[in-house]
There are 2 protein chains.
Amino acid sequence: MSDVVKILLVDDEADILEFLSYNLKKEGYDIYTATNGKQAIEMAKKVSPHLIILDVMMPDMDGIETCREIRTLPGLKDVLIAFLTARNEDYSQIAGFEVGADDYINKPIKPRVLVSRIKALLRRGNIEQVVVDKSDLGGIKIDREGFVVVKDGKALNLPKKEFELLELLASKPGKVFTREVILDSVWGGDVVVGDRTIDVHVRKLREKLGDDYIKTVKGVGYKFEF
Amino acid sequence: MSDVVKILLVDDEADILEFLSYNLKKEGYDIYTATNGKQAIEMAKKVSPHLIILDVMMPDMDGIETCREIRTLPGLKDVLIAFLTARNEDYSQIAGFEVGADDYINKPIKPRVLVSRIKALLRRGNIEQVVVDKSDLGGIKIDREGFVVVKDGKALNLPKKEFELLELLASKPGKVFTREVILDSVWGGDVVVGDRTIDVHVRKLREKLGDDYIKTVKGVGYKFEF
DNA sequence: TTATTATGGTAATAGTTTGTTAATTATTAT
DNA sequence: ATAATAATTAACAAACTATTACCATAATAA
């Protein structure tokens, strides 16, 4: 299995970290963060990221210095490093490339630009982004358009009610849906069916998906987990 | 667990998206974006937003159509939807309300106006912006949606009464709840159960959480502390 | 059409978990 | 020390869910 690409973000400003983190997570990268050089080095050793994005301006140990240190670590000699800086800090650009920066990103940057920049960088570094399909729920994929559930690559043709029930539960993994909500949402507020009907459908789903996805919360309802 | 309010923004123009996103993030909302109808639907399914702000004019699938589709999704039938459009596109206003729009916002709009509009809308929809941080209570997290208590990263599946009792006590750490209040609140004013029942439940909770969280105040009641 | 199969629902019952009580022991306050 | 209150345990009852078999109906194929 190819790894998910891991990116370490290093910046002392929390909101920039958050901005980057948010936009890169959305792309399916695994994001790690650090707020100073020391932390960054710790983290880098721990997770062996594919790419490190370093803010040049940081208190104590700046990005350049951090980069230099990281380059000395075994196993991290070839990690991709991109510097992040406010526009017009040209001097650091030069210093940055000298210590082995792979790219140089100016703040502020728009999310889309950031992302395509990252992608290009990873491509150059021969690191392929394995797109993690976030619609993959623990080996189960729900194809709403095709009204089909795919489990471990195999298509399951679930009957309508079973599909809808699964769809509802899986719409918010971890959340408990009460019987009332389930009836309302899958059967419709007016239709009157007994509570056992839900159990039976749950059982059928469990039969097909395995017992580990739908969990009973006694006295409350059911939830989907993976 | 009170969630942060999630808002999905849908517009094909990146700068509008950014404008909205920026201003709403500042208010503490969780912002998700999509640039077309299809993406919007995907995203909506994935994140179950509380509010969707949809641009009416978009290539391929317009806002009206997108709205219609979203309304058919289980779990999203009741999501708040606001349309966004250039002034004077009156026709769409009508069509918008027909497919179940909850509000209608004209572009351009000033940030402050936008924000108060959103707040009003959420208020109408009974969605409160709760900025309660889910800070764990001394290593314990109570997940009301999932009806689960997480202790040191491990999930504890508490039975209903135990969960509700813990929920009550932990709702105000440090405060003593009398037996009377506990019975009223967890068991309901009419139900008559003996006082020992509470003790037994407290004991079970202590067994699972450790003895340090629930404290007896003899002659008065119990309290949660951490 | 008719036969066949798939689906959705019910009912009965078995099985499990949860809630409550009662009895006993331990603790605390006065 | 005594009385009041709480902790603990085990047993029992109640609540709830799982499972199975069965029937009606709808969809599908011959």
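Description of the structure in this document. Every residue gets a number counted from 1 within its own chain, in the order that chain's sequence is written. Written order decides the labels, with chains lettered from A and ligands numbered from 1. The predicted nature of this model means local features are confined to residues of pLDDT at least 70 and side-chain atom pairs, given and counted, to a pLDDT of 80 or more, with totals for whole chains, interfaces and linings taken over all residues. Calculated side-chain values reflect all of the structure's heavy atoms, with hydrogen atoms and water omitted.

## Quick look at the protein's contact with DNA strand D
Here's step 1: Around DNA strand D sit 20 residues in total, of which T216 and Y222 of chain A together with R203, T216 and Y222 of chain B are the nearest.
Here's step 2: Backbone atoms, meaning sugar plus phosphate, form 67% of the atoms of DNA strand D positioned within 4 Å of the protein.
Here's step 3: N or O atoms closer than or at 3.5 Å make up a polar contact, with two conditions inside protein: a donor-capable atom paired with an acceptor-capable one, and, for residues adjacent in sequence, both atoms drawn from side chains. Side-chain polar atom of K218 of chain B to a base oxygen of DNA strand D: 3.1 Å apart, as the coordinates give it.
Here's step 4: One nitrogen or oxygen atom from the side chain of Y222 of chain B is found 2.5 Å from a phosphate oxygen belonging to DNA strand D.
Here's step 5: A run of H or I in DSSP counts as a helix once it spans at least four residues, and a run of E counts as a strand once it spans at least two, with each numbered from the N terminus. Elements represented by at least two residues in the surface near DNA strand D include exactly α8 (195-209) of chain A together with α8 (195-209) of chain B. Whether a residue is near a molecule or strand depends on its heavy atoms: if one lies within 4 Å, it is near.

## Details of unusual backbone geometry
Residues and elements named next belong to chain B.
Here's step 1: The phi angle at S48 is positive, at roughly 45 degrees, despite the residue not being glycine.
Here's step 2: Here S48 shows up in the loop between α2 (37-47) and β3 (51-55).
Here's step 3: The buried label applies to any residue whose accessible area, calculated with a 1.4 Å probe on protein chains only, is under 20% of its type's maximum; exposed applies above 50%, and partly exposed to all values in between. By relative accessible area, which is 18% here, S48 ends up buried.
Here's step 4: For F147, which is not glycine, the phi dihedral falls at a positive 50 degrees.
Here's step 5: Looking at where F147 falls in the secondary structure, it is placed in the loop between β6 (140-143) and β7 (148-151).

## A word on the pattern of salt bridges
Here's step 1: A pair is scored as a salt bridge if a Lys or Arg side-chain nitrogen falls within 4 Å of a carboxyl oxygen belonging to Asp or Glu. As enumerated under the stated definition, the model contains 16 salt bridges over all chains in all.
Here's step 2: K215 of chain A is paired through a salt bridge with E225 of chain A; the nearest N and O atoms lie 3.6 Å apart. Here K215 of chain A, found in strand β11 (residues 214-217), pairs with E225 of chain A, found in the segment after β12 (221-224); they are 10 residues apart in sequence, far enough to count as distant.
Here's step 3: One salt bridge in this structure joins E167 of chain B and R144 of chain B, with 2.8 Å as the shortest N-O distance.

## Re the nonpolar core
Residues and elements named next belong to chain B.
Here's step 1: As used in this record, nonpolar core signifies buried Ala, Val, Leu, Ile, Met, Phe, Trp, Tyr and Cys residues forming a set joined through side-chain atoms within 4.5 Å. V149 and I182 are the most contacted members of the largest nonpolar core, which totals 29 residues.
Here's step 2: Broken down by secondary-structure element, the contributors of at least two residues to this core are β6, α6 (160-171), α7 (179-187), α8 and β11 (221-224).
Here's step 3: Looking at which element gives the most residues to this core, the answer is α6, with 6 residues.
Here's step 4: Beyond its immediate sequence surroundings of up to four residues, I182 is in contact with L165, L168, L169, F177, W187, I198 and Y222. Working rule for contacts: check all heavy atoms of both residues, and any pair within 4.5 Å makes them a contact.

These figures come from the coordinates and say nothing about function on their own.
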